[in-house]
Amino acid sequence: MRGLSRPAMQTAFGVRRKTLIVDLGSLRSVLSSAPRAGGITRARYILNHQVAAKSIGKADRGLGTDMQCGDPARTLSRLASSLGIRDKFVGLMTAVSLADLVTVREAYEQIWVEGFATVGTSNAVRAGEPVTPRQRTNSGTYPGTINLILVTNARLSASAMVGMVQVATEAKTAVLLHAKVKSWTGRSGATGTGTDAVVVVSGSGPPMRYSGTHTILGELVGRVIGTAVTEGLARYVRWHARRILRSRVNNP
C-alpha cells in the first residue's frame, strides 16, 4: 500500500485521509475493545480514524474525513472501502490530531513490541465514578480518548493477549496519576477516559504463554505504553494550551 513507511518501527504504517493505517502484512490474531471488529478476531489492518473535535451538524453528515455518527462500526467500514482496504480490519476513532500520533518500539533479544498511541484527556474519568447524561453527551466535544495499539512479534496465547491489555492499562493509568490528570468532574486521580480503546496484535515469533509485569514481554509493554502515553499527554497539553490561546484571541 502506498504511503506506508518503516521509520525505526518494523510494523508498516502510514496516515491517509486522516486515518492511521497499520499494515500487519498478513492476517494476525487481534484482541481489542475497538468499536469495529472488537473482541478476538483475525485482521490484516488496524485503522485509527480522526474525526472532528467538535459537534457535527446536518451539513457534515456525508461521508468525509471529519465525520462523526452514531454507528462507528458502519462509518469505519465505509471509510475502509473508500481507502481501498478489502482485507479484514479492526477500526478505532479519535478526535486527537494524527499529527500528534506517538510511535514507540522496545525490544529485548528476539522479542519486540511496538506501540501507536493517540492521547486526549478531556473525557478523563476515575474508574467507578457515576455515569451522568452530561458526561455521555460531553465526550465528543474535543479530544478525549486514549487509543493504544500494541503489535508484537511474539506468538501470544489467549491469556497473554489479555495480560498485555492489563499491563497496558496499568501503565497508562500510572502515567495519568503521575501527571495528576483530573476527572472531567474535577475529582483527582483520573484512571483513563470514558472512551479509551486498546488493541493487541499477536505475531508468529517466539511463543509467549504469559505477559504479566514479571515477564520480559510485560516489561516491554509497560515501557512502550509508559513512554507513548507520557509523550502523547505532553502533546495534548500543548494542543489544549494553543486552543485556549486562540479562543482568547478570537473572543477578547
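Quick note: structure is the one above.
Presented here is a report on the structure given in the accompanying data block. (Residues numbered from 1 in each chain as written. Predicted model: local features only at pLDDT ≥ 70, side-chain atom pairs only at ≥ 80, totals over all residues. Heavy atoms only, no water.)

1. With respect to the pattern of salt bridges
All told, the structure shown has nine salt bridges when counted by the stated rule. A salt bridge links Glu231 to Arg235, with the shortest nitrogen-to-oxygen separation between them at 2.7 Å. One end of the pair is Glu231 and the other is Arg235, both in helix α4 (residues 216-250) and four residues apart, which spans about a single turn. Classification of Arg235 as partly exposed rests on a relative accessible area of 22%. The residue Arg238 makes a salt bridge to Glu231 at a minimum N-O spacing of 3.8 Å. For Arg238, a relative accessible area of 43% gives the class partly exposed. The network of salt bridges with shared partners includes Asp23, Arg44 and Asp87. (Salt bridge = Lys/Arg side-chain N within 4 Å of Asp/Glu carboxyl O. Helix = DSSP H or I, 4+ residues; strand = E, 2+ residues; numbered from the N terminus. Buried < 20%, exposed > 50% of the residue type's maximum accessible area, 1.4 Å probe, protein only.)

2. Details of the packing of aromatic side chains
Under the defined criterion, the tally for this structure stands at two aromatic pairs. When the centroid spacing of 5.2 Å and the interplanar angle of 75° are considered together, the rings of Phe13 and Phe116 count as edge-to-face. Residue Phe13 is located in strand β1 (residues 12-16), and its partner Phe116 is located in strand β6 (residues 111-119); the two are separated by 103 residues in the primary sequence. As far as the burial class goes, Phe13 and Phe116 line up, both buried. Considering the side-chain rings of Tyr236 and Trp239, the 5.8 Å spacing of their centres and the 20° angle between planes classify their relative orientation as stacked. One end of the pair, Tyr236, and the other, Trp239, are both in helix α4, three residues apart, so they sit about a helical turn from each other. Trp239 carries the same exposure label as Tyr236, and that label is buried. Over the ring of Phe89 we find Arg36; its NZ or CZ atom is 4.0 Å from the centre of that ring. (Phe/Tyr/Trp six-rings, centres within 6.5 Å; stacked < 30°, edge-to-face > 60°. Lys NZ or Arg CZ within 6 Å of the ring centre and 35° of its normal.)

3. Remarks on helix α3 (residues 158-178)
The first and last C-alpha atoms of α3 sit 31 Å apart over 21 residues, in line with the 30 Å expected at 1.5 Å per residue. Residues of α3 that are buried: Ala160, Met161, Gly163, Met164, Val167, Ala168, Ala171, Lys172, Thr173, Val175 and Leu176. Directly after α3, the chain includes Lys180, whose backbone phi takes a positive value near 60°. (Expected span 1.5 Å × (residues − 1).)

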